[in-house]
Amino acid sequence: MKNIAPAISPPTGIGDSKPGNQAVLDWVHEVELLAKPENVFWCDGSERERDYLLQEAIKQNVLIKLNEKKVPRSYLHRSNPNDVARVEQFTFICTPTKEEAGPTNNWSEPAETYSKLQGLLKGAMHGRTLFVVPYIMGPPDSPLTKVGFEITDSIYVVLSMRIMTRMGEVAVKRLGHDPAAEWNRGVHSLLDVDPARRFICHFPQDNTIISVGSGYGGNVLLSKKCLALRIGSYLARKQGWMAEHMLILGVESPAGKKHYVAAAFPSACGKTNFAMLIPPKHFAGWKVTTVGDDIAWMQIRDGRLFAVNPENGYFGVVPGTSYNSNPNAMKSIEHDTLYTNVALTDDDDVWWEGKDGPPPKHAIDWKGNDWTPDSKEKAAHPNSRFATPMRNNPVLDPNVEKGEGVPISAIIFGGRRSNTMPLVFQSFDWEHGVYLGATMASETTAAATGAVGQVRRDPMAMLPFCGYNIGDYFRHWIEIGKRLTNPPLIFNVNWFRKGGDGKFLWPGFGDNMRVLKWIIDRCEKSGGAVESPIGWLPSPHDLDLADLDVEHKCVVELLGIDHEEWKKELAGHQKFFESLGVDAVLLDLARIVVNPMGAACLIGAGEIAGRSEDEAYAAGDIASQEACRHALLLGVGMCGERNDSRSGQQSSSDQSLDQMNHCGIPLVKMRPLS
Ligand code: GTP
Ligand code: SPV
Ligand code: MN
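What you see is a predicted model; the values in this text were computed from it and never measured.

1. A closer look at the site of ligand 2
Turning to step 1, where the next piece is worked out: Residues in close proximity to ligand 2 include Arg86, Gly217, Gly218, Lys224, Lys225, His245, Ser267, Asp294, Phe315, Arg385, Ala447 and Phe465, which together make up its full environment.
Turning to step 2, where the next piece is worked out: Between ligand 2 and His245 there is a distance of 3.3 Å, counted from an oxygen atom to a side-chain nitrogen or oxygen.
Turning to step 3, where the next piece is worked out: Ser267 places a polar side-chain atom, nitrogen or oxygen, 2.5 Å from an oxygen atom of ligand 2.
Turning to step 4, where the next piece is worked out: Here ligand 2, which alone exposes 290 Å², has 98% of that area covered by the protein.

Written out as structure tokens, the structure is:
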């Protein structure tokens, strides 16, 4: 199947709606002179245009039309087998200084990078059509909404952008004629789809993205990770809002009380599934609705955070999607869907691993080869995806178009962790929540090229997407917190903890409602919890586990904190902060760093002295039980002068604080006890 296709020649009335903004015209002209396409196609987003482009894409063998009865108005695309996921190693943030890009990004010098990319783009569109795709990110009437123009030589990208963004006339209108208006310039060329000439480059200061050599997903739908997250996060910090890798969902109780929550899970860790959750039978009357499944733009209004979904469609993981795991996703992708890298059955239907029912006896796999259930290879690529309009979603939230966004009651962080992390816990406050987000880790997935299953720190699920220095990003979170009079509560979840048998302890999917319910209870101040060294933990009876087919001992394990695992975890946090360099971990964060280090103290001190905090209090070491708890939790009080009275040993809090001094993290005096 083709990725690169020759120029098309549209009839009059199609592809000729030039915008009136001179800055856009000048820029397109400049790229045209460089890339030398056969012609320029100006997209307007009309249905006539779509029908024409689909017909051309089929003719050019870029798309295969699927069975009209089984999946109406839907198509299959196969990418180059060398080009199946985001390429983090070839993704660059091109800021004037390396410091601005920070320790977690690949940096390259802007002027040099421009000239290298210009070299690659020279004549690159020879014999091809240059498409100009105007689009907006955000609801049309939102103050957060941004205009972008993407130039591309891929008809598949145009057809995908039509689904994923509000595309065409709406963007041209919003931009207007002011040549000084803010808009994002995106240039994409397939070149020859060679991994050796694949670069995804961001120039935040110029609001510009240049992506070459790929035809896949987040590398080329420049609206998504490139604009809405990397450039978006840069603009957000400058302009005082937040651009996050988060789903947004609404949850309504049978009594009609509604909350919205936003959740940051790394790529392929369950955002789309959580955003479309169907509560189990026991939760009759509860309703979950989707605002967004991947990206949240949030602003402060009346001391609260309000979120919009800047996207218009879902680019979701296909394998594992079934009527059993995610019925709403299945209903969403039954029609008007663009599939990439799934298998094609003999009756032109689509198939993938984990779909309901038995596998087909024969199919064509994602590479275009014959496949049978005996084949060793997977029929669908593990990162095969659907692009589907959000309006296909049967549980689309009614406020999805609301310009001001929806008020966020809770923020949830979560990763894919086989061990250590409990099913759910709540941070003590915003700053501790920022710490939880900053130290998040997850096992890597097929969403990016590279090894799968390795635990890596992925702060706020933004490691591949933060468009500037991660230390400044953490500080931005702290600053936002200071401006919130009614901040969302912050939680951490882990659907992926495994038992000794290597199987998931938690059934996940719809049953995640039980965790969501507890989170809502906490927001409503009605849910029970116990204070633990790492945050507020539910006891098994605080969760509604009715009709759940999970053994009690598994629930206890899911909610448990293993001290040995946590010692390793905290060492991992420290190593991570060290790897960022002390410059990145600025004063505000240092204060939070003390938090869980203090938590380590509680774990450690308890072990060394062989007593609980109650015993410490009873022993009269600390003036009040409240102070004791906070001292232990925050790592204060024991610093420096105090040795453990009973054992005479240096307490572990001394050690961890020493360690922090050692790695150069500045220690700040603790906040007052609250
Ligand atoms: P991106 O689109 O890459 O950002 O991914 P995502 O975060 O939206 O992840 P998605 O919901 O597509 O889920 C990714 C994979 O995790 C799929 O194979 C799901 O079946 C699986 N998954 C999602 N939720 C759960 C869960 O609660 N438990 C388990 N065990 N697997 C889950
Ligand atoms: C992700 O990897 O987080 C995705 C898929 O949402 S992609 O758009 O390819 O980045
Ligand atoms: Mn994502």
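2. Looking at the sheet that holds strand E2 (residues 64-65)
Turning to step 1, where the next piece is worked out: The five strands are arranged E2-E3-E19-E24-E18 in an open sheet whose pairing can be described as mixed. For this open sheet the edge positions go to E2 and strand E18 (313-317), each flanked by a neighbour on one side alone.
Turning to step 2, where the next piece is worked out: For strand E3 (residues 75-77) and strand E19 (residues 338-340), the ladder comprises three bridges, and the chain directions are parallel. Pairing of Tyr75 across the sheet is with Leu338, part of E19.

3. A word on the site of ligand 1
Turning to step 1, where the next piece is worked out: Within the structure, ligand 1 sits among 22 residues, and Ala268, Lys271, Thr272, Asn273 and Arg385 are positioned closest to it.
Turning to step 2, where the next piece is worked out: Separating an oxygen atom of ligand 1 from a side-chain N or O atom of Arg416 is a distance of 3.2 Å.
Turning to step 3, where the next piece is worked out: Of all elements in the fold, only helix H8 (271-275) and E18 reach the threshold of two or more residues within the shell around ligand 1.
Turning to step 4, where the next piece is worked out: Looking at the shell around ligand 1, the element that brings in the most residues is H8, giving three residues.
Turning to step 5, where the next piece is worked out: A class-by-class count of the residues in the shell around ligand 1 yields 10 nonpolar, eight polar and four charged.

4. Let's talk about the environment of Ala255
Turning to step 1, where the next piece is worked out: One can find Ala255 in the loop between strand E13 (247-252) and strand E14 (258-264).
Turning to step 2, where the next piece is worked out: With a relative accessible area of 78%, Ala255 lands in the exposed category.
Turning to step 3, where the next piece is worked out: Along the primary structure Ala255 and Trp286 are separated by 31 residues, whereas in three dimensions their C-alpha atoms are 8.7 Å apart.

5. Things to note about the coordination of the manganese ion (ligand 3)
Turning to step 1, where the next piece is worked out: Protein coordination at the manganese ion (ligand 3): the donors are Lys225 (NZ), His245 (NE2) and Asp294 (OD), at 2.1 to 2.4 Å from the metal.
Turning to step 2, where the next piece is worked out: Metal-centred angles of 73 to 174° between the six donor atoms at the manganese ion (ligand 3) mark the site as octahedral.

6. A few points about the packing of aromatic side chains
Turning to step 1, where the next piece is worked out: Throughout the structure, instances matching the rule amount to 19 aromatic pairs.
Turning to step 2, where the next piece is worked out: Consider the rings of Phe413 and Trp477, whose centres lie 5.7 Å apart with planes at 50°: the pair is tilted. Of this pair, Phe413 sits in strand E25 (residues 406-414) while Trp477 is found in helix H11 (residues 470-483), placing the two residues 64 residues apart along the sequence.
Turning to step 3, where the next piece is worked out: When its relative accessible area of 0% is taken as the criterion, Trp477 is described as buried.
Turning to step 4, where the next piece is worked out: Put simply, the rings of Trp27, Phe149 and Trp183 pair up and form one aromatic cluster.
Turning to step 5, where the next piece is worked out: In this structure, Lys355 packs its charged tip against the face of Trp352, placed 4.7 Å from the ring centre.

Procedures and definitions
Residues numbered from 1 in each chain as written. Chains lettered and ligands numbered in written order. Predicted model: local features only at pLDDT ≥ 70, side-chain atom pairs only at ≥ 80, totals over all residues. Heavy atoms only, no water. Near = heavy atom within 4 Å. Polar contact = N/O pair within 3.5 Å; in protein donor to acceptor, adjacent residues only side chain to side chain. Areas by Shrake-Rupley, 256 points an atom, 1.4 Å probe, with all protein chains shown as cover. Pairing = 2+ DSSP bridges. Helix = DSSP H or I, 4+ residues; strand = E, 2+ residues; numbered from the N terminus. Nonpolar A, V, L, I, M, F, W, Y, C, P; charged D, E, K, R; others polar. Buried < 20%, exposed > 50% of the residue type's maximum accessible area, 1.4 Å probe, protein only. Donors = N, O, S within 2.8 Å, 3.2 Å for Na, K, Ca; no water. Tetrahedral: all angles 85-135°; square planar, octahedral: opposite > 155°, others 65-115°. Phe/Tyr/Trp six-rings, centres within 6.5 Å; stacked < 30°, edge-to-face > 60°. Lys NZ or Arg CZ within 6 Å of the ring centre and 35° of its normal.

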